[in-house]
Amino acid sequence: MADRVYPTAKPNPQPPASTGAVPPPPAFPATKSQMYQRPMYRPPAPSKSRRRSRGSCCRCLCCWVVIVIILLILLAAIAGAIFYVLYRPHRPTFTVSSIQLSKFNVSSSNLLTSSLDLSIVARNPNKKLVFLYDDFTVSMTSNGADVGDGSIPGFRHDAKNTTILKLTAGVSGQSVDPSVVSDLKKSTVPLALDLETKAGVKVGGLKTKKVGIKVHCEGFQASAPAKGKPGLAATPDAVCQVKLRVKIWKWTF
């Protein structure tokens, strides 16, 4: 019986003959960061022609705005010139015609009690303009110290009209600065008057918006009362300054 010979190991397969090609690298599974990583999106830059068109539009709009503003200013100036030529507007005038101190006493504790009788002449020099006044607030001062407060009811001031305004102003127990007490105890007291109101103008059937007006009078004196008798009435004929008070946002001019 013939013996069988079994090989101890399988023969190693021989690699194929070299063809000169490089084998591809082994493929590895992609990581999560590589799987979800995308290139950043960058919008395309606007073209030069689009930039030029936008810039020209902005310049054109600014030019039109400037032209419109200049036209409005010119129209307002023309309208103001026509109004001035037709109506020749003038400010009203105010004059302190009479003043009398019926009571004026400063106590030892520098407290003032006073009563002043005033007559003010208001004139409207215009031929076609009518002034419409709100109520006036009246303040009398002497060297900066408040010596009298009062009010005057508003009224209609017709063209070429003269109106006499009468009022009584005073204070009771008003504290005054010790530095001015000696001046208030003299035989004559220097005074200044301030009136504040709002006034509008009426031309025919048209009315303007009311603006602030301040009237300031100074440089006149009144004799102080003596032995319980009122002081002599003075006729200073002090001409007052009339100023417009125009408010722009938070500032008043």
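Identification of the chain as Late embryogenesis abundant protein LEA-2 subgroup domain-containing protein from Rhynchospora pubera is taken from an unreviewed UniProt entry.

Caption draft 1: Structural context of the overall build of the chain. A tally of helices and strands in the chain yields three helices and 14 strands. Scored against the burial criterion, the 253 residues of the chain give a buried share of 27%. At a minimum sequence separation of 6, the contacts of the chain that also span at least 24 residues come to 71%. Element-wise, carbon and sulfur atoms account for 60% of the exposed surface of the chain, whose accessible area totals about 18,700 Å².

Caption draft 2: Summary view of unusual backbone geometry. Even without a glycine there, the phi angle at Lys 160 is positive, about 55°. Mapped onto the elements of the fold, Lys 160 is located in the loop between strand 6 (156-157) and strand 7 (162-175). One non-glycine residue, Asp 237, adopts positive backbone phi at about 50°.

Caption draft 3: Looking closely at the pairing of strand 4 (residues 136-142). Taken across its seven residues, strand 4 has five buried, putting it largely inside the fold. In terms of strand pairing, strand 4 meets strand 5 (residues 145-152) through seven bridges, oriented antiparallel. Bridge pairing in strand 5 links Met 140 to Gly 148. Connecting strand 4 to the antiparallel partner strand 5 that follows it, the hairpin turn spans two residues, and Asn 143 within it adopts a positive phi of roughly 55°. Bridging between strand 4 and strand 8 (residues 188-203) involves five bridges; their strand directions are antiparallel. When the sheet's bridge partners are listed, Thr 141 is paired in strand 8 with Ala 192.

Caption draft 4: Looking closely at the pattern of salt bridges. Per the counting criterion, the structure on display carries three salt bridges. Put simply, Asp 158 and Arg 156 hold a salt bridge, and the shortest N to O gap is 2.6 Å. For Asp 183, the salt bridge goes to Lys 186, with nearest N and O atoms at 3.3 Å. Using a relative accessible area of 22% as the deciding quantity, one classes Asp 183 as partly exposed. Take Lys 186: its relative accessible area is 47%, and that puts it in the partly exposed class.

Caption draft 5: Layout of the state of the cysteines. Under the defined criterion, the tally for this structure stands at one disulfide. Between the sulfur atoms of Cys 217 and its disulfide mate Cys 240 the distance is 1.7 Å. Judged by the torsion about the S-S bond (100°), the Cys 217/Cys 240 disulfide is right-handed. Of the two residues, Cys 217 sits in strand 10 (residues 211-223) while Cys 240 sits in the loop between strand 11 (238-239) and strand 12 (241-245), which places them 23 residues apart along the sequence. In this structure Cys 240 comes out as buried when scored by relative accessible area, which is 9%. Free of any disulfide, Cys 60 has its nearest neighbouring cysteine sulfur in Cys 63, separated by 6.6 Å. Taking the relative accessible area as the measure of exposure, Cys 63 reaches 46% and is therefore partly exposed.

Caption draft 6: Spotlight on the environment of Val 215. Mapping Val 215 onto the fold places it in strand 10. C-alpha separation for the pair Val 215 and Val 242, spaced 27 residues apart in sequence, amounts to 4.6 Å. When residues no more than four places from it in sequence are discounted, the contact partners of Val 215 are Phe 94, Leu 193, Asp 194, Leu 195, Cys 240, Gln 241 and Val 242.

Caption draft 7: The side chain of Asn 126, seen in detail. Here Asn 126 is to be found in the loop between strand 2 (111-123) and strand 3 (130-133). A residue is classified by how much of its surface remains accessible, and Asn 126, at 1% relative accessible area, is buried. Polar side-chain contacts of Asn 126 include one of 2.6 Å to the backbone nitrogen of His 90. For Asn 126, the side chain forms a polar contact with the side chain of Asn 124, separated by 3.0 Å. Ignoring any residue separated from it by four or fewer positions in sequence, one finds Asn 126 in contact with Arg 88, Pro 89, His 90, Phe 131, Ala 159 and Lys 160.

Rules and cut-offs
- Residues numbered from 1 in each chain as written.
- Predicted model: local features only at pLDDT ≥ 70, side-chain atom pairs only at ≥ 80, totals over all residues.
- Heavy atoms only, no water.
- Helix = DSSP H or I, 4+ residues; strand = E, 2+ residues; numbered from the N terminus.
- Buried < 20%, exposed > 50% of the residue type's maximum accessible area, 1.4 Å probe, protein only.
- Contact = heavy atoms within 4.5 Å.
- Areas by Shrake-Rupley, 256 points an atom, 1.4 Å probe, with all protein chains shown as cover.
- Pairing = 2+ DSSP bridges.
- Salt bridge = Lys/Arg side-chain N within 4 Å of Asp/Glu carboxyl O.
- Disulfide = S-S within 2.5 Å.
- Polar contact = N/O pair within 3.5 Å; in protein donor to acceptor, adjacent residues only side chain to side chain.

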